[in-house]
Amino acid sequence: MKAHDGMYIDGAWRPAAGRDTIAVVNPVDEQVIAEVPAGTVEDVDAAVRAARAALPAWAATAPAERAARIAALRDVLVARKDEIAESVTAELGAPLPFSQAVHAGVPILVAGSYAELAASYAFEEKVGNSTVYAEPVGVVGAITPWNYPLHQIVAKVAPALAAGCTVVLKPAEDTPLTAQLFAEAVHEAGVPAGVFNLVTGLGPVAGQALAEHEGVDLVSFTGSTAVGRRIGATAGAAVKRVALELGGKSANVILPSADLAKAVAVGVANVMGNSGQTCSAWTRMLVHTSQYDEAVALAAEAAAKYGDRIGPLVNAKQHARVRGYIEQGVAQGARLVAGGLEAPREQGYFVSPTVFADVTPEMTIAQEEIFGPVVSLIRYEDEDDALRIANGTVYGLAGAVWAGDEAEAVAFARRMDTGQVDINGGRFNPLAPFGGYKQSGVGRELGSHGLAEYLQTKSLQF
Ligand code: NAD
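Residues numbered from 1 in each chain as written. Predicted model: local features only at pLDDT ≥ 70, side-chain atom pairs only at ≥ 80, totals over all residues. Heavy atoms only, no water.

1. Points about the nonpolar core
Grouped together as the largest cluster of nonpolar side chains are 64 residues, with contacts concentrated most on Leu77, Val154, Val167, Phe182 and Phe196. When residues of this core are assigned to domains, at least three fall in each of domain 1 (6–246 + 439–461) and domain 2 (251–428). If sequence neighbours within four positions are ignored, Phe182 has contacts with Leu73, Leu77, Leu150, Ile153, Val154, Val157 and Phe196. The next biggest cluster of nonpolar side chains, apart from the first, holds 30 residues, and it includes Met363, Val374, Tyr380 and Ala413. (Core = buried A, V, L, I, M, F, W, Y, C linked by side-chain atoms within 4.5 Å. Buried < 20%, exposed > 50% of the residue type's maximum accessible area, 1.4 Å probe, protein only. Domains from an automatic or database assignment. Contact = heavy atoms within 4.5 Å.)

2. A closer look at the pattern of salt bridges
All told, the structure shown has 14 salt bridges when counted by the stated rule. The salt bridge partner of Lys458 is Glu135, with a shortest N-O separation of 3.1 Å. With a gap of 323 residues between them, Lys458 in strand E20 (residues 455–461) and Glu135 in strand E6 (residues 130–136) connect regions that are remote in the sequence. Beyond isolated ion pairs, a larger network of salt bridges with shared partners links Lys2, Arg80, Glu83, Glu184 and Glu188. (Salt bridge = Lys/Arg side-chain N within 4 Å of Asp/Glu carboxyl O. Helix = DSSP H or I, 4+ residues; strand = E, 2+ residues; numbered from the N terminus.)

3. Overview of the packing of aromatic side chains
Counted under the stated rule, the structure contains five aromatic pairs. Arranged with centres 5.4 Å apart and planes meeting at 55 degrees, the rings of Tyr8 and Trp13 form a pair that is tilted. One aromatic cluster is present, formed by Tyr8, Trp13, Phe182 and Phe196 through successive ring pairs. If you follow Arg66 out to its NZ or CZ, it ends over the ring of Phe123, 5.3 Å from the centre. (Phe/Tyr/Trp six-rings, centres within 6.5 Å; stacked < 30°, edge-to-face > 60°. Lys NZ or Arg CZ within 6 Å of the ring centre and 35° of its normal.)

4. Side note on the sheet that holds strand E16 (residues 374–380)
Each strand in a sheet pairs with its neighbour through backbone hydrogen bonds, running either in the same direction (parallel) or in the opposite one (antiparallel). Ordered by their spatial adjacency, seven strands build an open sheet running E14-E15-E16-E13-E12-E17-E18, and the pairing between neighbours is mixed. Strands with a single pairing partner mark the edges of an open sheet, and in this sheet they are strand E14 (335–338) and strand E18 (422–423). With four bridges connecting them, strand E12 (residues 251–254) and strand E13 (residues 284–288) associate as parallel partners. Paired with Ile254 across the bridge in E13 is Val287. Helix H11 (residues 316–331) rests against E14, strand E15 (354–359) and E16 of the sheet, and its axis sits at about 30 degrees to E15. (Pairing = 2+ DSSP bridges. Axes fitted to C-alpha atoms, helices over the stretch in contact; angles between N-to-C directions.)

5. Brief notes about the sheet that holds E6
If you walk across this open sheet you meet the three strands as E5-E6-E20, and the pairing is antiparallel. Looking at the sheet topology across the chains shown, the edges are occupied by strand E5 (124–127) and E20. Adjacent strand axes in the sheet meet at a mean angle of 25 degrees when their direction is disregarded.

6. Points about the site of the ligand
Near the ligand, the surroundings consist of 28 residues, among which Lys170, Glu173, Ser224, Leu246 and Glu369 are the closest. With respect to the ligand, the backbone of Gly223 contributes an N or O atom lying 3.2 Å from an oxygen atom. A distance of 2.5 Å is found between a nitrogen atom of the ligand and a backbone nitrogen or oxygen belonging to Leu246. With the chains in place, 90% of the 840 Å² that the ligand exposes on its own is no longer accessible. Secondary-structure elements contributing two or more residues to the shell around the ligand are helix H7 (203–212), strand E10 (218–222) and helix H8 (225–237). The leading source of residues in the shell around the ligand is H7, at four residues. Looking at the shell around the ligand, its residues break down into 14 nonpolar, ten polar and four charged. Each of two domains, domain 1 (6–246 + 439–461) and domain 2 (251–428), supplies a minimum of three residues to the shell around the ligand. (Near = heavy atom within 4 Å. Polar contact = N/O pair within 3.5 Å; in protein donor to acceptor, adjacent residues only side chain to side chain. Areas by Shrake-Rupley, 256 points an atom, 1.4 Å probe, with all protein chains shown as cover. Nonpolar A, V, L, I, M, F, W, Y, C, P; charged D, E, K, R; others polar.)

Written as C-alpha coordinates, this is what we have:
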(Lines give C-alpha, C1' and ligand atoms only; values in the text may rest on other atoms or scores of the structure.)
Protein backbone atom coordinates (compact mmCIF):
# COMPACT_ATOMS: atom_id res chain seq x y z
CA MET A 1 0.00 0.00 0.00
CA LYS A 2 1.04 3.57 -0.65
CA ALA A 3 2.16 5.40 2.49
CA HIS A 4 3.59 8.83 3.22
CA ASP A 5 6.85 8.86 5.15
CA GLY A 6 6.15 12.25 6.73
CA MET A 7 3.55 14.21 8.66
CA TYR A 8 0.93 16.48 7.09
CA ILE A 9 1.64 19.78 8.82
CA ASP A 10 0.84 23.33 7.70
CA GLY A 11 -0.46 22.25 4.33
CA ALA A 12 2.42 19.97 3.25
CA TRP A 13 3.97 16.56 3.91
CA ARG A 14 7.02 17.23 6.07
CA PRO A 15 9.75 14.88 7.28
CA ALA A 16 9.14 13.39 10.71
CA ALA A 17 11.36 14.60 13.54
CA GLY A 18 12.44 11.06 14.48
CA ARG A 19 13.35 7.92 12.57
CA ASP A 20 11.07 5.37 14.23
CA THR A 21 8.28 3.85 12.19
CA ILE A 22 5.10 1.89 12.80
CA ALA A 23 4.47 -1.24 10.73
CA VAL A 24 0.96 -1.53 9.31
CA VAL A 25 -0.21 -5.15 9.22
CA ASN A 26 -2.99 -6.68 7.12
CA PRO A 27 -4.96 -8.73 9.66
CA VAL A 28 -6.17 -11.18 6.99
CA ASP A 29 -2.68 -12.55 6.20
CA GLU A 30 -0.58 -10.97 8.97
CA GLN A 31 1.77 -9.37 6.40
CA VAL A 32 3.32 -5.92 6.82
CA ILE A 33 1.83 -3.74 4.08
CA ALA A 34 3.39 -0.36 4.87
CA GLU A 35 5.37 1.69 7.36
CA VAL A 36 4.42 5.13 8.64
CA PRO A 37 6.45 7.48 10.83
CA ALA A 38 6.04 7.23 14.59
CA GLY A 39 5.51 10.83 15.65
CA THR A 40 7.39 12.39 18.55
CA VAL A 41 6.75 15.28 20.92
CA GLU A 42 8.50 17.54 18.36
CA ASP A 43 6.14 16.51 15.55
CA VAL A 44 3.12 17.14 17.76
CA ASP A 45 4.51 20.51 18.78
CA ALA A 46 5.08 21.54 15.15
CA ALA A 47 1.53 20.48 14.25
CA VAL A 48 -0.04 22.35 17.19
CA ARG A 49 1.92 25.49 16.30
CA ALA A 50 0.67 25.28 12.73
CA ALA A 51 -2.90 24.83 13.96
CA ARG A 52 -2.57 27.82 16.32
CA ALA A 53 -1.15 30.01 13.60
CA ALA A 54 -4.01 29.11 11.26
CA LEU A 55 -6.73 29.60 13.89
CA PRO A 56 -7.45 33.36 13.72
CA ALA A 57 -8.02 33.41 9.97
CA TRP A 58 -10.07 30.19 9.88
CA ALA A 59 -12.19 31.27 12.87
CA ALA A 60 -12.91 34.55 11.05
CA THR A 61 -13.81 32.80 7.77
CA ALA A 62 -17.50 33.17 6.98
CA PRO A 63 -19.52 30.03 7.81
CA ALA A 64 -20.63 29.80 4.16
CA GLU A 65 -17.01 29.55 3.04
CA ARG A 66 -16.22 26.94 5.72
CA ALA A 67 -19.30 25.05 4.49
CA ALA A 68 -17.98 25.21 0.92
CA ARG A 69 -14.65 23.69 1.95
CA ILE A 70 -16.40 20.87 3.84
CA ALA A 71 -18.64 20.24 0.82
CA ALA A 72 -15.49 20.07 -1.35
CA LEU A 73 -14.01 17.59 1.14
CA ARG A 74 -17.16 15.49 0.90
CA ASP A 75 -16.82 15.54 -2.91
CA VAL A 76 -13.20 14.33 -2.73
CA LEU A 77 -14.27 11.51 -0.39
CA VAL A 78 -16.92 10.56 -2.95
CA ALA A 79 -14.40 10.65 -5.81
CA ARG A 80 -11.91 8.53 -3.85
CA LYS A 81 -14.45 6.18 -2.32
CA ASP A 82 -12.96 2.98 -3.80
CA GLU A 83 -9.45 3.88 -2.71
CA ILE A 84 -10.72 4.58 0.83
CA ALA A 85 -12.56 1.26 0.99
CA GLU A 86 -9.46 -0.61 -0.23
CA SER A 87 -7.31 1.12 2.36
CA VAL A 88 -9.69 0.23 5.23
CA THR A 89 -9.90 -3.35 3.99
CA ALA A 90 -6.10 -3.60 3.84
CA GLU A 91 -5.39 -2.30 7.33
CA LEU A 92 -8.55 -3.27 9.28
CA GLY A 93 -9.42 -6.45 7.39
CA ALA A 94 -13.09 -5.59 6.83
CA PRO A 95 -14.62 -7.35 3.81
CA LEU A 96 -14.58 -4.98 0.81
CA PRO A 97 -18.38 -4.61 0.42
CA PHE A 98 -18.63 -3.58 4.11
CA SER A 99 -15.76 -1.12 3.66
CA GLN A 100 -17.46 0.37 0.62
CA ALA A 101 -20.91 0.68 2.19
CA VAL A 102 -19.98 1.61 5.74
CA HIS A 103 -16.34 2.62 6.17
CA ALA A 104 -16.32 4.79 3.04
CA GLY A 105 -20.06 5.49 2.76
CA VAL A 106 -20.88 6.78 6.25
CA PRO A 107 -18.12 9.44 6.38
CA ILE A 108 -19.48 10.86 3.12
CA LEU A 109 -22.91 11.22 4.74
CA VAL A 110 -21.42 12.81 7.85
CA ALA A 111 -19.20 15.22 5.92
CA GLY A 112 -22.23 16.19 3.84
CA SER A 113 -24.30 16.80 6.95
CA TYR A 114 -21.65 19.20 8.31
CA ALA A 115 -21.38 21.05 5.01
CA GLU A 116 -25.10 21.78 5.41
CA LEU A 117 -24.94 22.51 9.14
CA ALA A 118 -22.01 24.93 8.76
CA ALA A 119 -24.12 26.93 6.32
CA SER A 120 -27.35 26.86 8.33
CA TYR A 121 -26.31 26.86 12.01
CA ALA A 122 -27.27 29.88 14.12
CA PHE A 123 -23.82 31.09 15.21
CA GLU A 124 -25.49 34.23 16.57
CA GLU A 125 -28.77 34.69 18.45
CA LYS A 126 -30.64 37.46 20.27
CA VAL A 127 -31.68 36.75 23.87
CA GLY A 128 -33.54 39.75 25.35
CA ASN A 129 -31.08 42.64 25.40
CA SER A 130 -28.13 40.39 24.55
CA THR A 131 -26.52 38.98 21.45
CA VAL A 132 -25.04 35.54 22.02
CA TYR A 133 -22.25 34.36 19.72
CA ALA A 134 -21.16 30.76 19.26
CA GLU A 135 -17.40 30.99 18.72
CA PRO A 136 -14.87 28.24 17.97
CA VAL A 137 -13.21 26.68 21.01
CA GLY A 138 -9.81 26.92 19.32
CA VAL A 139 -7.23 24.23 18.52
CA VAL A 140 -8.61 20.70 18.69
CA GLY A 141 -6.49 17.65 19.49
CA ALA A 142 -8.36 14.70 17.94
CA ILE A 143 -7.36 11.17 18.96
CA THR A 144 -9.17 8.35 17.14
CA PRO A 145 -9.41 4.53 17.28
CA TRP A 146 -9.05 1.97 14.51
CA ASN A 147 -12.48 0.33 14.48
CA TYR A 148 -14.17 2.82 12.11
CA PRO A 149 -10.98 4.53 10.93
CA LEU A 150 -12.45 7.18 8.65
CA HIS A 151 -15.81 7.67 10.36
CA GLN A 152 -14.15 8.46 13.69
CA ILE A 153 -11.93 11.04 11.99
CA VAL A 154 -14.72 12.72 10.02
CA ALA A 155 -17.04 12.75 13.07
CA LYS A 156 -14.46 15.01 14.78
CA VAL A 157 -12.79 16.96 11.97
CA ALA A 158 -15.93 17.94 10.02
CA PRO A 159 -17.74 19.60 12.99
CA ALA A 160 -14.47 21.15 14.20
CA LEU A 161 -13.94 22.78 10.78
CA ALA A 162 -17.60 23.81 10.63
CA ALA A 163 -17.22 25.51 14.01
CA GLY A 164 -14.10 27.43 12.89
CA CYS A 165 -11.64 25.35 14.93
CA THR A 166 -8.30 24.08 13.63
CA VAL A 167 -7.25 20.47 14.20
CA VAL A 168 -4.32 18.18 14.94
CA LEU A 169 -5.26 14.53 14.38
CA LYS A 170 -3.47 11.56 15.95
CA PRO A 171 -5.09 8.44 14.40
CA ALA A 172 -4.85 4.89 15.74
CA GLU A 173 -1.56 3.12 15.07
CA ASP A 174 -3.32 0.18 13.37
CA THR A 175 -5.05 2.30 10.71
CA PRO A 176 -2.83 5.26 9.75
CA LEU A 177 -3.11 4.75 5.98
CA THR A 178 -6.77 5.76 5.88
CA ALA A 179 -5.86 8.82 7.95
CA GLN A 180 -3.16 9.75 5.43
CA LEU A 181 -5.72 9.41 2.63
CA PHE A 182 -8.02 11.73 4.57
CA ALA A 183 -5.20 14.31 4.87
CA GLU A 184 -4.76 14.13 1.08
CA ALA A 185 -8.50 14.70 0.69
CA VAL A 186 -8.42 17.75 2.98
CA HIS A 187 -5.56 19.13 0.88
CA GLU A 188 -7.38 18.50 -2.40
CA ALA A 189 -10.49 20.19 -0.99
CA GLY A 190 -8.55 23.43 -0.62
CA VAL A 191 -8.72 23.71 3.16
CA PRO A 192 -6.14 26.40 4.05
CA ALA A 193 -2.70 25.33 5.31
CA GLY A 194 -2.52 24.63 9.06
CA VAL A 195 -6.28 24.22 9.52
CA PHE A 196 -5.91 20.43 9.53
CA ASN A 197 -2.72 18.61 10.54
CA LEU A 198 -1.88 14.92 10.87
CA VAL A 199 0.66 13.29 13.16
CA THR A 200 0.83 9.48 13.05
CA GLY A 201 2.31 7.77 16.08
CA LEU A 202 1.93 5.70 19.20
CA GLY A 203 -0.77 6.54 21.74
CA PRO A 204 1.47 6.84 24.81
CA VAL A 205 3.94 9.04 22.87
CA ALA A 206 2.25 11.18 20.20
CA GLY A 207 -1.28 10.80 21.63
CA GLN A 208 -0.22 11.75 25.11
CA ALA A 209 1.89 14.69 23.86
CA LEU A 210 -1.17 15.99 22.01
CA ALA A 211 -3.50 15.56 25.00
CA GLU A 212 -1.01 17.36 27.26
CA HIS A 213 -0.02 20.15 24.85
CA GLU A 214 -0.83 23.56 26.27
CA GLY A 215 -1.58 24.88 22.78
CA VAL A 216 -4.57 22.52 22.50
CA ASP A 217 -7.88 23.95 23.73
CA LEU A 218 -10.08 20.88 23.37
CA VAL A 219 -9.18 17.20 23.33
CA SER A 220 -11.69 15.01 21.51
CA PHE A 221 -10.95 11.36 22.16
CA THR A 222 -12.59 8.14 21.01
CA GLY A 223 -11.25 4.88 22.34
CA SER A 224 -11.06 2.75 25.44
CA THR A 225 -12.41 3.85 28.80
CA ALA A 226 -8.98 3.27 30.39
CA VAL A 227 -7.22 5.78 28.12
CA GLY A 228 -10.22 8.12 28.17
CA ARG A 229 -10.07 8.34 31.95
CA ARG A 230 -6.41 9.43 31.78
CA ILE A 231 -7.09 11.98 29.06
CA GLY A 232 -10.02 13.35 31.06
CA ALA A 233 -7.79 13.72 34.12
CA THR A 234 -5.07 15.50 32.12
CA ALA A 235 -7.61 17.85 30.55
CA GLY A 236 -9.24 18.48 33.93
CA ALA A 237 -5.92 19.46 35.50
CA ALA A 238 -5.31 21.94 32.66
CA VAL A 239 -8.95 23.18 32.77
CA LYS A 240 -9.42 22.47 29.09
CA ARG A 241 -12.42 21.12 27.26
CA VAL A 242 -12.64 17.40 26.66
CA ALA A 243 -15.00 15.10 24.77
CA LEU A 244 -14.80 11.36 25.38
CA GLU A 245 -16.46 8.64 23.33
CA LEU A 246 -15.63 5.42 25.15
CA GLY A 247 -16.69 1.80 25.42
CA GLY A 248 -20.09 0.14 25.57
CA LYS A 249 -21.91 -3.04 26.55
CA SER A 250 -25.26 -2.36 25.01
CA ALA A 251 -28.46 -4.32 25.56
CA ASN A 252 -30.78 -5.59 22.84
CA VAL A 253 -34.06 -5.93 24.73
CA ILE A 254 -36.63 -8.16 23.05
CA LEU A 255 -40.03 -7.70 24.71
CA PRO A 256 -42.47 -10.64 24.50
CA SER A 257 -44.72 -8.86 21.97
CA ALA A 258 -41.85 -8.41 19.48
CA ASP A 259 -41.24 -10.21 16.20
CA LEU A 260 -38.74 -12.58 17.80
CA ALA A 261 -37.18 -13.99 14.62
CA LYS A 262 -36.53 -10.51 13.21
CA ALA A 263 -35.22 -9.13 16.52
CA VAL A 264 -32.78 -12.02 16.93
CA ALA A 265 -31.59 -11.94 13.31
CA VAL A 266 -31.00 -8.17 13.32
CA GLY A 267 -29.44 -8.43 16.78
CA VAL A 268 -26.90 -11.04 15.70
CA ALA A 269 -26.11 -9.11 12.50
CA ASN A 270 -25.57 -5.96 14.57
CA VAL A 271 -22.83 -7.67 16.57
CA MET A 272 -21.18 -9.52 13.67
CA GLY A 273 -20.83 -6.38 11.51
CA ASN A 274 -17.22 -5.13 11.62
CA SER A 275 -16.35 -8.42 13.39
CA GLY A 276 -17.89 -7.16 16.61
CA GLN A 277 -15.52 -4.21 16.78
CA THR A 278 -18.27 -1.65 17.23
CA CYS A 279 -18.47 0.26 20.49
CA SER A 280 -22.26 0.59 20.20
CA ALA A 281 -22.89 -3.10 19.32
CA TRP A 282 -25.77 -4.79 21.16
CA THR A 283 -23.64 -7.51 22.68
CA ARG A 284 -26.19 -8.54 25.33
CA MET A 285 -29.43 -9.98 23.98
CA LEU A 286 -32.16 -9.93 26.65
CA VAL A 287 -34.99 -12.41 26.06
CA HIS A 288 -38.09 -13.23 28.12
CA THR A 289 -37.87 -16.62 29.79
CA SER A 290 -40.89 -17.90 27.81
CA GLN A 291 -39.10 -17.31 24.48
CA TYR A 292 -35.55 -17.98 25.59
CA ASP A 293 -34.98 -21.42 24.08
CA GLU A 294 -36.42 -20.36 20.74
CA ALA A 295 -34.20 -17.25 20.71
CA VAL A 296 -31.11 -19.33 21.48
CA ALA A 297 -31.83 -21.65 18.54
CA LEU A 298 -32.46 -18.71 16.21
CA ALA A 299 -29.29 -16.90 17.31
CA ALA A 300 -27.12 -20.01 16.90
CA GLU A 301 -28.53 -20.54 13.42
CA ALA A 302 -27.99 -16.88 12.45
CA ALA A 303 -24.37 -16.91 13.67
CA ALA A 304 -23.55 -20.21 11.97
CA LYS A 305 -24.68 -18.75 8.62
CA TYR A 306 -21.81 -16.23 8.74
CA GLY A 307 -19.12 -18.92 8.56
CA ASP A 308 -15.88 -17.19 7.65
CA ARG A 309 -17.61 -14.33 5.82
CA ILE A 310 -16.89 -11.86 8.58
CA GLY A 311 -13.49 -10.23 8.65
CA PRO A 312 -10.72 -10.83 11.15
CA LEU A 313 -10.04 -8.79 14.28
CA VAL A 314 -7.66 -5.90 13.81
CA ASN A 315 -4.50 -7.31 15.40
CA ALA A 316 -2.93 -10.15 17.35
CA LYS A 317 -3.58 -8.44 20.69
CA GLN A 318 -7.32 -8.07 20.08
CA HIS A 319 -7.43 -11.63 18.78
CA ALA A 320 -5.88 -12.96 21.99
CA ARG A 321 -8.13 -10.70 24.10
CA VAL A 322 -11.37 -11.87 22.48
CA ARG A 323 -10.33 -15.52 22.72
CA GLY A 324 -9.57 -14.92 26.39
CA TYR A 325 -13.16 -13.71 26.92
CA ILE A 326 -14.53 -16.80 25.17
CA GLU A 327 -12.47 -18.96 27.54
CA GLN A 328 -13.77 -16.99 30.52
CA GLY A 329 -17.37 -17.41 29.35
CA VAL A 330 -16.97 -21.17 29.22
CA ALA A 331 -15.13 -21.24 32.56
CA GLN A 332 -17.89 -19.23 34.25
CA GLY A 333 -20.59 -21.63 33.06
CA ALA A 334 -22.05 -20.00 29.95
CA ARG A 335 -23.11 -22.45 27.21
CA LEU A 336 -21.50 -22.14 23.76
CA VAL A 337 -24.17 -22.64 21.09
CA ALA A 338 -22.22 -21.28 18.09
CA GLY A 339 -18.58 -20.52 17.34
CA GLY A 340 -16.02 -20.72 20.11
CA LEU A 341 -12.26 -21.05 20.07
CA GLU A 342 -11.94 -23.00 16.85
CA ALA A 343 -10.73 -20.50 14.24
CA PRO A 344 -12.52 -20.38 10.89
CA ARG A 345 -9.17 -19.97 9.07
CA GLU A 346 -5.59 -20.92 9.89
CA GLN A 347 -4.05 -17.60 8.99
CA GLY A 348 -5.18 -14.16 10.09
CA TYR A 349 -6.78 -12.88 13.27
CA PHE A 350 -10.15 -14.56 12.74
CA VAL A 351 -12.64 -15.51 15.46
CA SER A 352 -15.75 -17.57 14.67
CA PRO A 353 -19.10 -15.81 15.11
CA THR A 354 -19.89 -16.89 18.65
CA VAL A 355 -23.12 -17.16 20.64
CA PHE A 356 -23.30 -17.85 24.36
CA ALA A 357 -26.51 -18.99 26.06
CA ASP A 358 -27.23 -19.24 29.80
CA VAL A 359 -25.31 -16.05 30.43
CA THR A 360 -26.09 -14.41 33.76
CA PRO A 361 -25.87 -10.63 34.18
CA GLU A 362 -22.88 -10.71 36.52
CA MET A 363 -20.63 -12.89 34.32
CA THR A 364 -17.53 -11.19 32.95
CA ILE A 365 -18.74 -11.66 29.36
CA ALA A 366 -21.96 -9.79 30.31
CA GLN A 367 -20.13 -6.94 32.01
CA GLU A 368 -16.94 -6.19 30.06
CA GLU A 369 -16.56 -4.99 26.51
CA ILE A 370 -15.31 -7.92 24.41
CA PHE A 371 -14.95 -6.05 21.08
CA GLY A 372 -15.31 -9.21 19.02
CA PRO A 373 -18.05 -11.27 17.30
CA VAL A 374 -19.58 -12.59 20.52
CA VAL A 375 -23.27 -12.33 21.54
CA SER A 376 -24.52 -13.24 25.01
CA LEU A 377 -28.14 -14.29 25.51
CA ILE A 378 -29.50 -13.38 28.95
CA ARG A 379 -32.88 -14.48 30.29
CA TYR A 380 -35.27 -12.08 32.09
CA GLU A 381 -38.46 -12.73 34.08
CA ASP A 382 -40.40 -9.49 33.60
CA GLU A 383 -39.90 -5.92 32.35
CA ASP A 384 -38.43 -4.62 35.60
CA ASP A 385 -35.96 -7.47 35.57
CA ALA A 386 -35.06 -6.68 31.94
CA LEU A 387 -34.52 -3.02 32.84
CA ARG A 388 -32.31 -3.92 35.82
CA ILE A 389 -30.17 -6.13 33.59
CA ALA A 390 -30.07 -3.62 30.73
CA ASN A 391 -28.92 -0.85 33.08
CA GLY A 392 -26.65 -3.10 35.13
CA THR A 393 -23.23 -2.28 33.67
CA VAL A 394 -20.88 0.70 34.00
CA TYR A 395 -21.61 1.59 30.36
CA GLY A 396 -24.49 3.37 28.64
CA LEU A 397 -23.68 3.95 24.98
CA ALA A 398 -26.46 2.39 22.91
CA GLY A 399 -29.16 -0.26 22.86
CA ALA A 400 -32.20 -1.62 21.10
CA VAL A 401 -35.80 -2.35 22.09
CA TRP A 402 -38.20 -4.55 20.15
CA ALA A 403 -41.95 -4.71 20.81
CA GLY A 404 -45.16 -5.31 18.87
CA ASP A 405 -46.30 -1.81 19.71
CA GLU A 406 -43.90 1.11 19.13
CA ALA A 407 -45.22 3.02 22.17
CA GLU A 408 -44.39 0.03 24.40
CA ALA A 409 -40.83 -0.01 23.07
CA VAL A 410 -40.47 3.76 23.52
CA ALA A 411 -41.71 3.55 27.13
CA PHE A 412 -39.04 0.96 27.89
CA ALA A 413 -36.29 2.86 26.01
CA ARG A 414 -37.01 6.01 28.05
CA ARG A 415 -36.13 4.09 31.21
CA MET A 416 -32.76 2.91 29.86
CA ASP A 417 -29.58 4.64 31.06
CA THR A 418 -28.07 4.97 27.61
CA GLY A 419 -27.34 7.55 24.94
CA GLN A 420 -29.20 6.07 21.96
CA VAL A 421 -31.71 3.33 21.40
CA ASP A 422 -32.92 1.82 18.12
CA ILE A 423 -36.64 1.05 18.19
CA ASN A 424 -37.65 -2.08 16.25
CA GLY A 425 -34.48 -1.90 14.17
CA GLY A 426 -34.48 1.88 13.59
CA ARG A 427 -32.13 3.15 10.89
CA PHE A 428 -28.84 5.05 11.33
CA ASN A 429 -29.34 8.80 11.31
CA PRO A 430 -26.18 10.89 10.74
CA LEU A 431 -27.85 13.88 12.43
CA ALA A 432 -28.78 12.06 15.66
CA PRO A 433 -26.47 12.81 18.60
CA PHE A 434 -24.17 9.89 19.42
CA GLY A 435 -22.50 9.48 22.81
CA GLY A 436 -22.69 7.83 26.16
CA TYR A 437 -24.29 7.89 29.58
CA LYS A 438 -22.21 6.77 32.58
CA GLN A 439 -18.70 5.52 31.75
CA SER A 440 -19.39 5.45 28.02
CA GLY A 441 -18.28 9.03 27.80
CA VAL A 442 -18.74 12.75 27.95
CA GLY A 443 -20.20 14.82 25.13
CA ARG A 444 -21.91 14.01 21.85
CA GLU A 445 -20.87 13.57 18.24
CA LEU A 446 -22.81 14.05 14.97
CA GLY A 447 -25.44 16.58 13.97
CA SER A 448 -25.89 19.94 15.64
CA HIS A 449 -25.12 18.46 19.09
CA GLY A 450 -21.75 17.35 17.72
CA LEU A 451 -21.11 20.81 16.30
CA ALA A 452 -21.93 22.46 19.64
CA GLU A 453 -19.05 20.53 21.26
CA TYR A 454 -16.60 22.67 19.27
CA LEU A 455 -18.23 25.99 20.16
CA GLN A 456 -18.07 28.29 23.17
CA THR A 457 -20.49 31.09 23.84
CA LYS A 458 -19.97 34.80 24.32
CA SER A 459 -22.78 37.17 25.21
CA LEU A 460 -22.84 40.93 24.62
CA GLN A 461 -25.42 43.03 26.54
CA PHE A 462 -26.98 46.17 25.11
P1 NAD B 1 -7.35 2.92 22.72
O2 NAD B 1 -7.94 3.69 23.81
O3 NAD B 1 -6.22 2.02 23.03
O4 NAD B 1 -6.81 3.87 21.56
C5 NAD B 1 -7.57 4.91 21.01
C6 NAD B 1 -6.63 6.02 20.57
O7 NAD B 1 -5.98 6.55 21.72
C8 NAD B 1 -5.54 5.55 19.62
O9 NAD B 1 -5.28 6.58 18.68
C10 NAD B 1 -4.34 5.41 20.54
O11 NAD B 1 -3.12 5.56 19.90
C12 NAD B 1 -4.58 6.54 21.53
N13 NAD B 1 -3.92 6.38 22.83
C14 NAD B 1 -3.56 5.22 23.45
N15 NAD B 1 -2.96 5.51 24.62
C16 NAD B 1 -2.93 6.86 24.74
C17 NAD B 1 -2.45 7.76 25.75
N18 NAD B 1 -1.86 7.32 26.85
N19 NAD B 1 -2.62 9.08 25.54
C20 NAD B 1 -3.23 9.53 24.43
N21 NAD B 1 -3.69 8.75 23.45
C22 NAD B 1 -3.55 7.42 23.60
O23 NAD B 1 -8.55 2.17 22.05
P24 NAD B 1 -8.54 1.22 20.78
O25 NAD B 1 -8.10 -0.13 21.23
O26 NAD B 1 -7.81 1.88 19.68
O27 NAD B 1 -10.09 1.21 20.41
C28 NAD B 1 -10.99 0.33 20.97
C29 NAD B 1 -11.80 0.99 22.04
O30 NAD B 1 -12.41 2.20 21.57
C31 NAD B 1 -12.95 0.16 22.52
O32 NAD B 1 -12.99 0.13 23.91
C33 NAD B 1 -14.20 0.86 21.98
O34 NAD B 1 -15.36 0.71 22.68
C35 NAD B 1 -13.79 2.26 21.97
N36 NAD B 1 -14.55 3.01 20.96
C37 NAD B 1 -15.53 3.86 21.39
C38 NAD B 1 -16.28 4.56 20.47
C39 NAD B 1 -17.37 5.51 20.87
O40 NAD B 1 -17.78 6.30 20.05
N41 NAD B 1 -17.84 5.50 22.07
C42 NAD B 1 -16.03 4.39 19.12
C43 NAD B 1 -15.04 3.53 18.73
C44 NAD B 1 -14.30 2.85 19.67
